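The lines below spell out each chain.
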Amino acid sequence: MDLGVRWKLHGDGRTPAPGAVVRPDERLSWPRTAGLGAQHVVAMFGASFVAPVLMGLDPNLAIMMSGVATMVFLLATRGRVPSYLGCSLSFVGVAAVIRADGGSSATVTGAVFVVGGALFLVGLAVRKFGARIIHAAMPPVVTGAVVMLIGFNLAPVTASTYWPQDQWTALFVMLFTGLAVVCLRGFWSRIAIFLGLIFGYVLSWAQDRVFGQIHSADASGKVTDHWRLDLSGVGRADWIGLPDFHGPSFEWSAILVALPVVIALIAENAGHVKAVGEMTGDNLDDKLGTAISADGVGSMLSTAVGGPPNTTYSENIGVMAATRVYSTAAYWAAAGFALLFGLCPKFGAVVAAVPGGVLGGITVILYGMIGLLGAQIWLNAKVDLRNPLNLVPAAAGIIIGVGNVSMEFTDTFSLSGIALGTVVVITGYHALRAFAPAHLKTQQPLLDEGMSSYDTGGSDEDQRAKS
């Protein structure tokens, strides 16, 4: 059985020829492959380490299980879909809602475990029936609205939890990160979040030395005099050791809050497979269902031991596009490095010590970007918001999700925020479509449009025009 773990040496194993690409089943020399793997790890550092901190989970366990999930993904796709699976930011809002309702870390990981299982089943369905079943249930207007409300639902978390801890640090980190995203080029722009974290660390340390302690809310919300950057936990942490494991706990209320994120993960995986296929020139239609299922399995494995969920990372697509090296050997190397980092508690303690003000500046951009990915889905699919069939359910669901509107059905069961907004968008769209006049039922572009074939001829401009 071909598991995609055998690679042909590309050329002399050193530098690809001008215009050449290193395909998924090829590799450069092992030292260069290891270097590329380390580069992939750095690319996912920023978002993948911020996410578990925001979710209240162990960052060491997060990086370790991201390596495990990446290995599972590469094996499942037989090495045809180069990808790194890092901690999914789509679940940050879910974790905040669950914890606000008194849920523990076990409750959070239990709810996300169920989401991973649902994603696995969706992948199996796509393998059997094709990607058009996704479009039938969740056309782009629905998918975009759900992704948007998931992202914007996080705004109060930044406004009430992180920004007040140190508003000036948050402001400067926001400005620096924004400049890094826009002004830097190539690989450096892909690690802008990571650079923002480093800048925030240095700035917080410098302010502590110059201005002393700050009088503001700490991580618990209590207003006290405290240091912006507290590294006392780093000194107590061991250099080598296992992360903290815990089992999941299952509660229906938490599961219902988390399930809508399945829609965002489906969109992420579909976009990832399409992007990789276009870059490599391979037809990867037959791997979409497998990729979705593998993502689900990776998340289930991680949350089963107390880690966060995982998903494909666009940061690593950027690294591949910049280097033109699509070798899955580099991703195996990245996964190996992730496992090693996960076994260093001192490294996790450094991550866990991220000052609240730094998170405030980064999450302003990060949460907004998640929400605006929904708008990007609408743009790519040419969703017509002048059509009331599209406009009404999307508008209602987004306001409910962003405003955290709640609806109580019984004394023990209610829906609010993300869960209620998602229900309104999906059921509202299909209910309205059933009664809408024929002229409003315009055909939406299919989610998998453009994935059925890849034109290998023509100029780059022609290729972009066709995509």
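Residues numbered from 1 in each chain as written. Predicted model: local features only at pLDDT ≥ 70, side-chain atom pairs only at ≥ 80, totals over all residues. Heavy atoms only, no water.

Draft legend 1. Summary view of the side chain of histidine 10. Looking at the secondary structure, you find histidine 10 in the loop between strand S1 (8-9) and strand S2 (26-27). Residue histidine 10 is classed as buried on the basis of its relative accessible area, which comes to 12%. Side chain to side chain, histidine 10 and glutamate 26 meet in a polar contact 3.0 Å long. With residues near it in sequence (within four places) discarded, histidine 10 still touches Pro16, Ala17, Ala20, Val21, Val22, Glu26, Arg27 and Leu28. (Helix = DSSP H or I, 4+ residues; strand = E, 2+ residues; numbered from the N terminus. Buried < 20%, exposed > 50% of the residue type's maximum accessible area, 1.4 Å probe, protein only. Polar contact = N/O pair within 3.5 Å; in protein donor to acceptor, adjacent residues only side chain to side chain. Contact = heavy atoms within 4.5 Å.)

Draft legend 2. Here's a closer look at the pattern of salt bridges. Considering all chains together, one arrives at five salt bridges under this definition. Across the salt bridge formed by aspartate 166 and arginine 228, the nearest N and O atoms sit 3.3 Å from each other. Of this pair, aspartate 166 sits in the loop between helix H7 (155-162) and helix H8 (167-183) while arginine 228 is found in the loop between strand S5 (223-226) and helix H11 (232-236), placing the two residues 62 residues apart along the sequence. Of the residues examined, aspartate 166 reaches a relative accessible area of 7% and is grouped as buried. The exposure class assigned to arginine 228 is buried, which follows from its relative accessible area of 14%. Of the charged contacts, one joins aspartate 384 and arginine 386 as a salt bridge, the two residues approaching to 2.9 Å between their closest N and O atoms. Through salt bridges with shared partners, a single network forms among Asp166, Asp208 and Arg228. (Salt bridge = Lys/Arg side-chain N within 4 Å of Asp/Glu carboxyl O.)

Draft legend 3. Up close: unusual backbone geometry. Located in the positive-phi region is arginine 78, a residue other than glycine, with phi close to 55°. Its location among the elements puts arginine 78 in the loop between helix H2 (59-76) and strand S3 (85-87). The exposure class of arginine 78 is partly exposed, given its relative accessible area of 32%.

Draft legend 4. Here's a closer look at the packing of aromatic side chains. Applying the stated criterion across every chain yields a total of three aromatic pairs. Summarising the aromatic geometry, the rings of tryptophan 7 and tryptophan 30 are spaced 5.9 Å apart at their centres and angled 85° between planes, so their arrangement reads as edge-to-face. Of this pair, tryptophan 7 sits in the segment before S1 while tryptophan 30 sits in helix H1 (residues 30-55), and the two are 23 residues apart along the sequence. When the centroid spacing of 5.9 Å and the interplanar angle of 70° are considered together, the rings of phenylalanine 113 and phenylalanine 250 count as edge-to-face. Within this pair, whereas phenylalanine 113 is found in helix H4 (residues 105-129), its partner phenylalanine 250 is found in the loop between H11 and helix H12 (252-258), the two being separated by 137 residues in sequence. Residue phenylalanine 250 is classed as partly exposed on the basis of its relative accessible area of 46%. (Phe/Tyr/Trp six-rings, centres within 6.5 Å; stacked < 30°, edge-to-face > 60°.)

Draft legend 5. Highlighting the environment of alanine 136. Relative to the helices and strands, alanine 136 resides in helix H5 (residues 132-137). Classification of alanine 136 by relative accessible area gives exposed; the value is 53%. Counting along the chain gives 294 residues from alanine 136 to histidine 430, while the straight-line C-alpha distance between them is 9.8 Å.

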